[in-house]
Amino acid sequence: MFTINNRSRSRFIALILTASIILSLTMAFTPQAQMEKPIKLSFEVMMPEYDPVRIRAGELLAEYAKQLGIEIKVRPVDLNYEITKVRDEHDFDLYILGFSARNMPFYISDHIKSANDRPGGNNMEGIRNATLDQLAEMLDSTVDRQKQIEILWKIQEILADIVPWVGIYTRYLTQVWRVEWQGFHKEYWGYASPMTWRNAHIPGKEGGVFRVILADDLKSENVHLEGSIYEDMVWDALYDTLVFLDDSYSPQPWLAERFEVSSDGKVWTFYLVKNATFHDGKPITARDVKFTFDYIKNNDIPGYSNIARYYVKSEVIDDYTVRIYLNTPYAWFLYDLADVPIIPEHVWKDVAWNTSVAPKIGSGPFKWSRRVEGEYVELVKYENYWRSDMPKVDKLVFRIIRNFNAALLAMEAGEADFYVYYIPVGAVDRVKNNPELHLNLERGFTFYYLGFNMRKPPLDDVWLRRAFAYLLPKDEVVKGPLQGLGEPVTWYISPYFGDFNNPNVPEKFPWIASTSANVEKAREMLAMSDKYEYRDIDDDGILEAIPKKMERQPQPREKPKTETPMQTMTETEKMMVETKTIVRTQVVTKVETVTETVVQGPSTTDIALPVVIAVIVTAALTYIFARRRS
Amino acid sequence: MGLREYVIRRLIQLVIAIFLFITIMFFIFRLMPGDPLSLVIEEFAIDPEARERLIKLWGLDKPPLEQYFIYIRNLLTGDLGVSFVYHEPVADVIISRKLLNTLALLISSHGMAMFLGMILGVWAAWRRGTAIDMAALTTSLILHSIPIFWLGIVFLMIFAVKYRLFPLAGTITPAKTFENIFEYIGDYLWHMFLPMMTITVIRLGSDFLIMRNTMISVTKEDYIVTAMAKGLPEKVIIWKHAARNAMLPIVTLAGLDMATVVSGAVLTESVFSWDGIGRLIYEAAIYRDFPVLQGVFFLIVVVVLVANFLTDLMYAYLDPRVRYE
Amino acid sequence: MTVLRKERRGDKLERLREFWYIYSRNKLGVIGLAILTIYIAIAVLAPVIAPYDPKARIGSPMEPPSPKHLLGTDELGRDILSLVIYGARISLLVGVLAATITMIIGTLIGILAGYFGRFIDDILMRITDLFLVIPGLPLIIVLAVVLGPSIWNIILVIALISWPTTARLVRSETLSLKERMFVNASRVAGASDFYILAKHIIPNVLPIISATMVLNVVNAIILEAGLSFLGLGDPTHISWGTMLYFANRQGAFLSDNPMYIIAPGLALVGIGLAFVFISYALDEVVNPKLRREGI
Amino acid sequence: MKPIVSVKNLKKYYPLKKGLLYTILMGEKEYVKAVDGVSFEIYEKEIFVLAGETGSGKTTTGKVLVGLEKPTEGEIYFKDQNISRLNPKEWKRKGLRRKIQMIFQDPYESLNPRSKIYDILAEPLIVNKAVETREELDEKIMRKLEEVKLIPPDEFAFRYPHQLSGGQRQRIVIARGMILDPEFVVADEPVSMLDVSIRIDILNLLNSFREKYGVSYLYITHDLATARYIGDRIGIMYLGQIVETGPVEEVIQNPKHPYTQALISAIPIPDPEYARRKEIIELKGEIPSPINPPKGCRLHPRCPFAMDICSKKEPPMIEVGRGHQASCWLYEKI
């Protein structure tokens with residue numbers, strides 16, 4: 001013990017270090033054999049770290065899952081990280097994300113197509129359902145509203161049946177304004193709408209300044225560049241559109257005093273108002289409208305990808321009539337138009353679409369006045385606006401306050417009139433009790449949901465996903481962290497969208513309707529699984545999923561309320577399905593073989609750093625050991 | 001022995017350091033998960049094709065190594081790239097009102113802290129060991145352990161929320177029309193007061209400590225002892241002889257302590273919604289605006305390294321004892 | 001020889017006693033140590049001291065302080081006092097672990113650079129300079145984003161940012177130590193580099209940089225709080241930084257309970273103070289050149 | 001008689017730290033020529049003194065001899081074994097560490113303040129694996145402590161260096177040098193830091209080891225008085241070279257080289273009789289830089305007897321007496 005042999009000792013230590021590093025590396029990279037063995041019901045749920053509510057939601061879910069014997073690790077991560085893992089790498093178990101799904105009815109097809117089950121595609125859960133593929137395909141090209149509703153209802157039922165994701169809660173849009181103001185109108189983002197800028201006023205008072213709080217600065221001074229929703233608020237006041245969406249979310253004439261659509265749905269004719277002018281006094285003509293659409297199409301401007309995709313050409317019939325040709329019938333065209341600012345040809349023809357400071361000669365009720373970077377944007381009334389009754393105020397000031405506490409205090413102090421953004425629950429009472437302020441809670445369409453990685457056993461089991469749906473304490477999330485500023489989600493398309501929402505879903509699919517955690521029901525779900533047997537085989541309090549033999553077919557009574565989608569289809573749909581299935585299946589099987597080989601190991605970023613450090617330390621140590629003075 | 005050779009050597013080292021730095025930064029930023037478009041997905045369901053188009057537009061589809069070479073090539077021609085978020089050249093994003101805001105805040109607060117720290121430090125060092133010195137010392141140690149953002153919040157709670165003496169956020173009163181430049185400056189200073197005080201108070205602690213300790217060692221030097229023996233008035237000895245010589249380290253340190261300065265700026269600007277470079281860094285990281293991140297880091301590091309270089313040269317030039325090793 | 005061995009132990013004790021004698025003359029140091037002891041006691045005894053389970057929702061949200069909840073409740077109706085008490089655990093853990101890793105990296109690199117000199121020194125010092133220059137918090141923000149929020153990543157990242165100062169200090173100490181005669185003596189006696197490093201250099205370096213190491217703890221704690229405050233921390237762990245983050249997010253600012261902000265902040269100041277005082281005192285004990293009368 | 005150590009034309013140059021760039025731009029590297037061609041022999045049980053001013057290269061010579069520095073040129077033989085090119089590993093493998101040791105100058109600096117005396121003394125034994133058991137180790141340490149007159153040993157063994165006086169520390173330094181029972185020891189100014197009153201004791205102690213174990217010494221000093229007290233033969237060094245060598249008494253009584261003469265005349269001697277006999281030789285100016293030493297005889301710019309040849313050619317070693325040599329053109333004809 002006493003005789004110290006330095007050399008052998010150092011070699012020994014070096015050996016041990018090297019060995020342990022190699023060992024840990026091999027362990028880290030060894031694929032876990034998952035196919036035949038029982039799989040422990042231990043999952044990780046990711047959510048963006050910045051949102052306390054979603055974190056709490058995850059924690060609550062974990063609490064109840066534990067009662068059932070499912071282990072859930074709550075892992076708040078950077079949003080980008082989560083999206084990379086979920087959308088681009090498909091390396092996840094469960095995730096919670098928000099969906100500001102203002103276009104949900106249109107875009108839902110994007111999320112359910114098998115073809116989009118690829119890295120970077122929007123089918124993040126890995127939905128492989130031929131019927132859904134057909135329906136999505138049909139939805140994209142169906143013009144008839146009744147038909148759309150029919151398809152969407154079907155999609156909602158299938159989704160509720162296979163549960164690729166479950167809605168948890170929606171957060172109300174919170175809006176505060178000083179009580180003296182009136183004339184607000186609802187649109188996508190509640191009352192922060194184009195019509196609000198045009199209409200807001202204090203009854204009995206002429207002119208004045210309407211001061212709106214913006215939660216972020218403009219990132220650029222160009223209406224075509226993708227910015228934040230706050231940016232849109234500014235451009236909505238500066239530019240007019242052909243149509244606008246009214247309080248009930250339906251398109252109404254605006255710059256176009258009326259419009260027609262051809263019977264095949266491909267040709268739209270717009271009749272413009274005749275007295276409208278740009279801020280430089282030049283009239284707004286059909287040529288400007290044509291220019292606007294050509295400009296979007298020719299430049300492939302990312303913010304208007306749908307226009308670019310469906311728009312073919314326009315035809316100037318006369319100064320105030322323009323005809324727009326689309327390549328396919330596109331039902332959502334008018335909704336998209338409500339977003340397209342009409343720009344003056346004589347100003348924009350030589351301007352690159354992505355210049356950061358672009359001309360701000362608009363067509364709207366307010367003219368650009370000045371902007372102090374990071375502080376405010378000031379717009380002044382355009383005296384020659386074609387609607388002589390608008391705008392009602394002389395000035396519209398967007399004051400940039402990023403800190404919501406500061407924003408609310410500014411509202412209290414009378415330094416601002418209108419605020420649409422996050423109101424922390426701690427401050428709700430304060431706002432409510434302030435007689436000078438009006439707090440408006442709007443249901444909106446933003447919702448937060450729990451998504452499953454259906455590619456990864458045992459999450460490929462629909463019964464397990466249904467069990468999860470039963471475990472979600474939606475009401476507790478709403479009452480607790482959300483403090484009642486929202487409501488539980490029991491649907492796949494928000495009732496906000498009226499007829500598009502399938503009201504039968506909650507009734508037919510009780511797990512989607514469940515708003516409080518129900519461990520017993522969840523247990524029942526697991527018991528009904530035909531794919532796995534859920535049992536705690538190693539007595540560690542956590543269940544294991546044991547794959548069942550394929551011969552054991554599910555008993556028919558176990559699926560009481562669901563029908564095979566094919567049976568509910570109309571004849572035309574069946575035909576479409578059959579013609580397209582051949583192509584589809586080829587694509588699908590091809591992709592499947594790829595995804596099946598995806599190995600679930602720790603991600604490279606998780607181990608890269610510790611490993612690098614370990615290697616450096618070892619190298620350094622071995623260097624000391626090995627070195628002798630030379 | 002060659003000052004010239006020393007300068008050349010340091011210059012080469014400087015260039016290598018900057019190059020190494022931008023390389024490391026480039027790849028660290030590329031390690032961040034996600035691309036500038038990931039964030040968009042939560043707000044808008046962005047069309048995958050549009051997404052790919054944008055990625056191509058920004059050159060993000062190329063392999064990282066190729067992106068790196070393009071970046072270096074552009075950098076050599078003075079092109080820092082175009083911001084993903086602002087769609088402007090990075091240089092324009094950085095050299096803007098944000099930079100001025102940050103400079104105004106940092107220079108005023110650090111200048112103030114240095115000034116007060118020096119006066120208090122000299123004063124405490126001269127009365128070393130007394131109860132007053134003890135109190136000042138303890139206070140500065142306490143200041144050293146206060147998190148800057150917390151102090152900012154507390155200031156806001158007291159001065160902005162409770163007593164409404166100062167504004168909560170921003171750099172000027174929005175949309176106010178100013179009669180003349182003085183009115184504007186007055187408004188700006190009024191807005192800057194709380195963030196400035198926050199940094200000053202936190203910074204004062206360490207500036208005071210440094211000054212006090214240097215003063216103590218300076219007062220032990222022969223020439224001070226001689227001056228005292230000559231019977232010069234205490235004031236003259238303190239301010240003319242001792243303080244001047246003790247000032248050097250504090251000034252040098254302030255320049256070299258850029259890392260802490262920037263960190264403080266990020267937190268302070270975020271608490272006070274001060275529209276400056278600190279916030280820009282934070283947002284650029286969140287939005288994956290690589291070009292801006294690289295640009296800001298590049299700027300900071302070049303400034304610090306060049307400042308270091310110049311300080312060393314100054315020392316080498318002024319102090320004959322410095323060997324060019 | 002049994003007599004000798006007994007003496008040996010006594011000797012160590014005596015050294016400790018001597019150290020304590022010098023240290024205890026420093027009032028600030030004693031106060032710091034006392035505060036730290038209290039904090040450690042709170043952290044260890046958290047389950048005993050805390051009036052409630054910190055994760056239990058036992059009251060209505062954002063209650064102002066009352067006899068039932070001395071510091072009120074947070075937005076979930078959890079007892080803030082209990083949260084602050086449990087927060088001591090994470091803050092201490094982060095501070096101590098990050099400082100330890102900092103010390104290990106810094107000492108290793110400093111010693112390698114200082115002892116072996118030449119090109120190793122050149123390379124390591126250039127890297128150190130670079131890290132010294134990189135603004136810490138922004139890089140931490142970037143790294144925190146790269147690695148994802150977890151308490152371990154934060155510890156790692158803080159250490160990754162903080163080591164250069166220690167490395168520089170250790171290097172300069174090593175440089176002067178390796179020229180000392182006793183190192184040469186050891187070399188003549190036939191000791192290897194490893195032996196010299198282990199027996200002569202490291203034991204002499206560590207006490208001298210001990211004050212800095214203690215200061216690293218404060219810096220780590222404050223950095224963690226800052227990161228958490230920006231929302232880059234680990235929100236699943238209760239630390240004072242994450243409490244402040246939630247307090248800020250949930251508008252404690254405007255609610256009836258300012259204690260939600262004041263309490264974790266004061267807790268941070270207290271622990272910071274303890275370590276700053278200790279560091280200051282250690283500096284005076286270990287570097288007698290700085291020792292002054294009356295303090 | 002065979003020499004135990006023989007040094008042949010030993011050179012040690014230190015490159016000036018200039019960096020790669022400078023070498024490329026400015027060409028030639030520059031060196032500090034600390035030791036520039038030194039030769040001498042040391043016989044068994046002999047004490048050879050190297051004397052000279054600070055910067056003359058005597059300490060560097062000592063460091064090279066114990067392997068702390070590598071020679072630039074020249075050979076060192078230890079009992080017929082060429083040790084000049086060995087690395088530390090080979091030193092240890094060949095057992096040279098146990099045979100060649102060094103005693104350091106500064107008893108304050110050369111003891112690790114954080115090690116106990118016991119550990120300081122144990123270190124050479126442990127790293128050289130010179131003992132098998134703890135008992136053996138304890139015993140050796142006790143014995144050495146006794147031998148350096150630190151009695152009782154257990155009184156001192158577990159103290160820290162700062163708890164001892166300067167003289168006691170120097171005894172520890174000696175004990176450490178002697179603990180491996182070396183055959184040859186380089187003693188680098190072992191008494192220069194000590195009070196005059198205890199110098200003799202220390203010198204006697206060194207002598208006792210020679211008597212008892214037959215140790216040979218290279219005794220390095222700038223102090224001719226102690227050299228005279230302990231030394232057998234002496235070499236006077238100036239700017240990296242030995243300028244005069246011979247038996248101590250002979251060289252001091254009858255110095256031949258002007259530099260030696262100047263050195264000796266600078267010694268304050270209490271004996272007035274002796275002092276009167278002594279002629280005073282003074283050198284001009286300062287000792288030149290070892291980077292670019294003067295051409296020819298290195299002393300010539302300062303030498304009062306400088307001749308033409310002195311600045312042109314380096315003088316060879318010239319026999320000036322029995323075993324007494326000086327390197328000076330003055331004695332060429334003799």
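This structure is a prediction, so every number in the text was calculated from the model and none was measured. (Residues numbered from 1 in each chain as written. Chains lettered and ligands numbered in written order. Predicted model: local features only at pLDDT ≥ 70, side-chain atom pairs only at ≥ 80, totals over all residues. Heavy atoms only, no water.)

## Brief notes about the overall build of chain C
So, step 1. Along its length, chain C carries eleven helices and zero strands.
So, step 2. Beginning at the N terminus, the succession of helices and strands in chain C can be written as α-α-α-α-α-α-α-α-α-α-α.
So, step 3. Structurally, chain C occupies a C-alpha span of about 75 × 50 × 40 Å along its principal axes.
So, step 4. By the burial criterion, 63% of the 295 residues in chain C qualify as buried.
So, step 5. Put simply, of all contacts in chain C between residues at least 6 apart along the chain, 69% involve residues at least 24 apart.
So, step 6. The averaged location of the 21 negative side-chain charges in chain C is 8 Å from the averaged location of its 26 positive side-chain charges. (Helix = DSSP H or I, 4+ residues; strand = E, 2+ residues; numbered from the N terminus. Buried < 20%, exposed > 50% of the residue type's maximum accessible area, 1.4 Å probe, protein only. Contact = heavy atoms within 4.5 Å. Lys, Arg positive; Asp, Glu negative; His and termini not counted. Charge placed at Lys NZ, Arg CZ, Asp CG, Glu CD.)

## So, the overall build of chain D
So, step 1. When its secondary structure is counted, chain D shows 13 helices and twelve strands.
So, step 2. Here chain D holds 334 residues, and the buried ones make up 54% of them.
So, step 3. Of the contacts formed within chain D by residues at least 6 apart in sequence, a portion of 65% connects residues at least 24 apart.
So, step 4. Entry remark: accessible area of chain D is about 14700 Å², with carbon and sulfur atoms responsible for 50%. (Areas by Shrake-Rupley, 256 points an atom, 1.4 Å probe, with all protein chains shown as cover.)

## Brief notes about the packing of helix α10 (residues 240–249) of chain C against helix α11 (residues 259–286) of chain C
The relative placement of two packed helices comes down to the angle between their axes together with the axis-to-axis distance.
Residue and element names in this part refer to chain C.
So, step 1. Between α10 and α11, whose axes approach to 9 Å, the crossing angle comes to 155°. Taken together, the axes of α10 and α11 are roughly antiparallel relative to one another. For the crossing formed where α10 meets α11, the hand is left-handed. Residue-level inspection shows Trp 240, Met 243, Leu 244, Phe 246 and Ala 247 of α10 in contact with α11, the latter providing Tyr 260, Ile 261, Pro 264, Gly 265, Ala 267, Leu 268 and Ile 271.
So, step 2. Considered class by class, the residues forming the contact of α10 with α11 number eleven nonpolar, one polar and no charged. (Axes fitted to C-alpha atoms, helices over the stretch in contact; angles between N-to-C directions. Parallel < 35°, antiparallel > 145°, perpendicular 65-115°, else oblique. Left-handed = near helix turned anticlockwise from the far one by under 90°. Nonpolar A, V, L, I, M, F, W, Y, C, P; charged D, E, K, R; others polar.)

## Some thoughts on the packing of helix α4 (residues 80–116) of chain C against α11 of chain C
Residues and elements named next belong to chain C.
So, step 1. As a packed pair, α4 and α11 sit with axes 10 Å apart at the nearest point and diverge in direction by 35°. The crossing of α4 and α11 is right-handed. Note on element contacts: α11 touches α4 through Tyr 260, Ala 263, Pro 264, Ala 267, Ile 271 and Phe 275, opposite Ile 80, Val 84 and Leu 92.
So, step 2. Looking at the contact of α4 with α11 residue by residue, the classes come out as nine nonpolar, no polar and no charged.

## Some remarks on the pairing of strand β1 (residues 3–15) of chain D
All names here are of chain D.
So, step 1. Bridge count for β1 against strand β2 (residues 31–43) is ten bridges, and the pairing is antiparallel. In the strand pairing of β2, Tyr 13 is matched with Lys 33.
So, step 2. The pairing of β1 with strand β4 (residues 73–78) spans five bridges and is classified as antiparallel. The residue of β4 that forms the bridge with Lys 8 is Glu 75. (Pairing = 2+ DSSP bridges.)

## With respect to the interface of chain B and chain C
Many authors give the size of an interface as the accessible area that is lost as the parts come together.
So, step 1. Listed by partner, the interface residues are 51 residues for chain B and 40 residues for chain C.
So, step 2. Contact between chain B and chain C buries roughly 4100 Å² in total, counting both sides, with carbon and sulfur atoms accounting for 84%.
So, step 3. Along the contact surface separating chain B from chain C lie three residue pairs in polar contact (both at pLDDT 80 or more).
So, step 4. Sorting the residues of the side of chain B that touches chain C by element identifies α1 (3–31), α7 (131–144), α8 (148–162), α9 (181–219), α12 (258–271), α13 (277–287) and α14 (290–318) of chain B as the ones contributing at least two each.
So, step 5. For the side of chain B that touches chain C, the leading source of residues is α1 of chain B, giving nine residues. (Buried area = accessible area lost by both parts, 1.4 Å probe. Polar contact = N/O pair within 3.5 Å; in protein donor to acceptor, adjacent residues only side chain to side chain.)

## Thoughts on the confidence of the model for chain D
So, step 1. Across chain D, pLDDT averages 81, with 91% of residues at or above 70.
So, step 2. Here the complex is predicted with pTM 0.74, and the ipTM for its interfaces comes to 0.70. (pLDDT = per-residue confidence, 0-100.)

## Here's the deal with the sheet that holds strand β1 (residues 39–40) of chain A
Residue and element names in this part refer to chain A.
So, step 1. Pairing is antiparallel in the open sheet, where three strands are placed in the order β1-β22-β21. Taken across any chain shown, the strands that pair with only one partner, and hence form the sheet edges, are β1 and β21 (532–535).
So, step 2. Where β1 lies against strand β22 (residues 544–547), two bridges are found, and the strand directions are antiparallel. Bridge pairing links Ile 39 to Ala 545 in β22.

## Description of the pairing of strand β3 (residues 71–77) of chain A
Residues and elements named next belong to chain A.
So, step 1. Alignment of strand β2 (residues 42–48) against β3, held across seven bridges, turns out to be parallel. Each bridged residue has a counterpart across the sheet, and for Phe 43 the counterpart in β3 is Ile 72.
So, step 2. Handedness of the β-α-β unit built from β2, helix α2 (residues 52–68) and β3 comes out right-handed. (Right-handed = clockwise from strand over helix to strand, strands pointing away.)

## Comments concerning the pattern of salt bridges
So, step 1. By the definition in use, this model includes 53 salt bridges over all chains.
So, step 2. Glu 109 of chain D is the salt-bridge partner of Arg 180 of chain C, the closest N and O atoms lying 2.8 Å from each other. Residue Arg 180 of chain C is found in the loop between α7 (151–178) and α8 (181–188), and its partner Glu 109 of chain D is found in the loop between β6 (100–103) and α5 (117–127); the two belong to separate chains.
So, step 3. Judged by relative accessible area, which is 26%, Glu 109 of chain D ranks as partly exposed.
So, step 4. Across the pair Glu 249 of chain D and Arg 228 of chain D runs a salt bridge, and its minimum N-O distance is 3.1 Å. Taken together, the residues span a long stretch of sequence, with Glu 249 of chain D in helix α11 (residues 248–253) and Arg 228 of chain D in helix α10 (residues 224–230) at a distance of 21 residues.
So, step 5. Residue classification places Glu 249 of chain D among the partly exposed positions, given a relative accessible area of 39%. (Salt bridge = Lys/Arg side-chain N within 4 Å of Asp/Glu carboxyl O.)

## Describing the environment of Ala 307 of chain B
So, step 1. Relative to the elements of secondary structure, Ala 307 of chain B occurs in helix α14.
So, step 2. As for Ala 307 of chain B and Leu 14 of chain B, which are separated by 293 residues in sequence, their C-alpha atoms are 11 Å apart.

## A closer look at the confidence of the model for chain C
All names here are of chain C.
So, step 1. When pLDDT is averaged across chain C, the result is 81; 92% of the residues are at 70 or more.
So, step 2. In this model residues 1–6 is a low-confidence stretch, pLDDT under 50, and it forms seven contacts with partners more than four residues away in sequence or in other chains.
So, step 3. Contacts from residues 289–295, a stretch scored under 50 in pLDDT, to residues over four places away or in other chains number 21 contacts.

## Let's talk about α2 of chain A
All names here are of chain A.
So, step 1. In this model, α2 (17 residues) spans 25 Å end to end at C-alpha, consistent with the 24 Å of a helix rising 1.5 Å per residue.
So, step 2. In terms of residue burial, α2 counts as a mostly covered element, since 13 of its 17 residues are buried.
So, step 3. Once α2 finishes, Gly 69 follows within two positions and takes phi at roughly 100°, a positive value. (Expected span 1.5 Å × (residues − 1).)

## Overview of the sheet that holds strand β13 (residues 321–326) of chain A
Hydrogen bonds between backbone atoms are what pair the strands of a sheet, whose relative direction is either parallel or antiparallel.
Residue and element names in this part refer to chain A.
So, step 1. An order of β10-β11-β13-β12 is seen for the four strands of this open sheet, with the pairing classed as antiparallel. Of all strands in the sheet, those with a lone pairing partner are β10 (256–261) and β12 (311–318), marking the two edges. Neighbouring strand axes in the sheet, compared pairwise and without regard to direction, differ in orientation by 20° on average.

## Some details on the environment of Arg 30 of chain B
All names here are of chain B.
So, step 1. Mapped onto the elements, Arg 30 comes out in helix α1.
So, step 2. Under the relative-accessibility criterion, Arg 30 is labelled partly exposed at 24%.
So, step 3. Separated by 50 residues in the primary sequence, Arg 30 and Leu 80 have C-alpha atoms spaced 16 Å apart.
So, step 4. Once residues within four sequence positions are removed from consideration, Arg 30 is found in contact with Gln 67, Phe 290 and Gln 294.

## A word on the packing of aromatic side chains
So, step 1. Enumeration according to the criterion identifies 49 aromatic pairs over all chains in this entry.
So, step 2. Here the aromatic rings of Phe 209 of chain D and Tyr 213 of chain D are separated by 6.0 Å at their centres, their planes lie at 20°, and the arrangement is stacked. Taken as a pair, Phe 209 of chain D and Tyr 213 of chain D lie in helix α9 (residues 196–213) at a separation of four residues, close to a single helical turn.
So, step 3. We classify Tyr 213 of chain D as partly exposed; its relative accessible area is 35%.
So, step 4. Site record: aromatic cluster; members linked through ring pairs are Trp 177, Trp 181, Phe 184, Tyr 191, Trp 197, Phe 210, Phe 398 and Phe 418 of chain A.
So, step 5. A cation over a ring is seen here: Arg 56 of chain A above Phe 246 of chain C, with NZ or CZ 4.5 Å from the ring centre.
So, step 6. Between the NZ or CZ atom of Lys 33 of chain D and the centre of the ring of Tyr 13 of chain D, over which it lies, the distance is 5.5 Å. (Phe/Tyr/Trp six-rings, centres within 6.5 Å; stacked < 30°, edge-to-face > 60°. Lys NZ or Arg CZ within 6 Å of the ring centre and 35° of its normal.)

## Section: the side chain of Ser 6 of chain D
Residues and elements named next belong to chain D.
So, step 1. Mapping Ser 6 onto the fold places it in strand β1.
So, step 2. For Ser 6, a relative accessible area of 8% gives the class buried.
So, step 3. Setting aside chain neighbours within four positions, we find Ser 6 in contact with Phe 40, Glu 41, Glu 75, Ile 76 and Tyr 77.

## Here's the deal with a nonpolar patch on the surface
All names here are of chain B.
So, step 1. A grouping of Met 112, Phe 115, Leu 116, Ile 119, Leu 120, Trp 123, Ile 132 and Trp 239 is seen on the molecular surface, where their side chains present a nonpolar patch of about 700 Å² in accessible area.
So, step 2. No other element matches helix α6 (residues 97–126), which puts six residues into the nonpolar patch.
So, step 3. By the element assignment, Leu 116 lies in helix α6. (Patch = residues over 30% accessible without salt bridge, like charges linked within 9 Å, V, L, I, M, F, W, Y side chains within 5 Å.)

## What about α11 of chain C?
So, step 1. Over its 28 residues, α11 of chain C runs 40 Å from end to end, which matches the ideal 40 Å to within 8%, given 1.5 Å per residue.
So, step 2. Among the 28 residues of α11 of chain C, 23 are classified as buried, and the element is accordingly described as predominantly covered.

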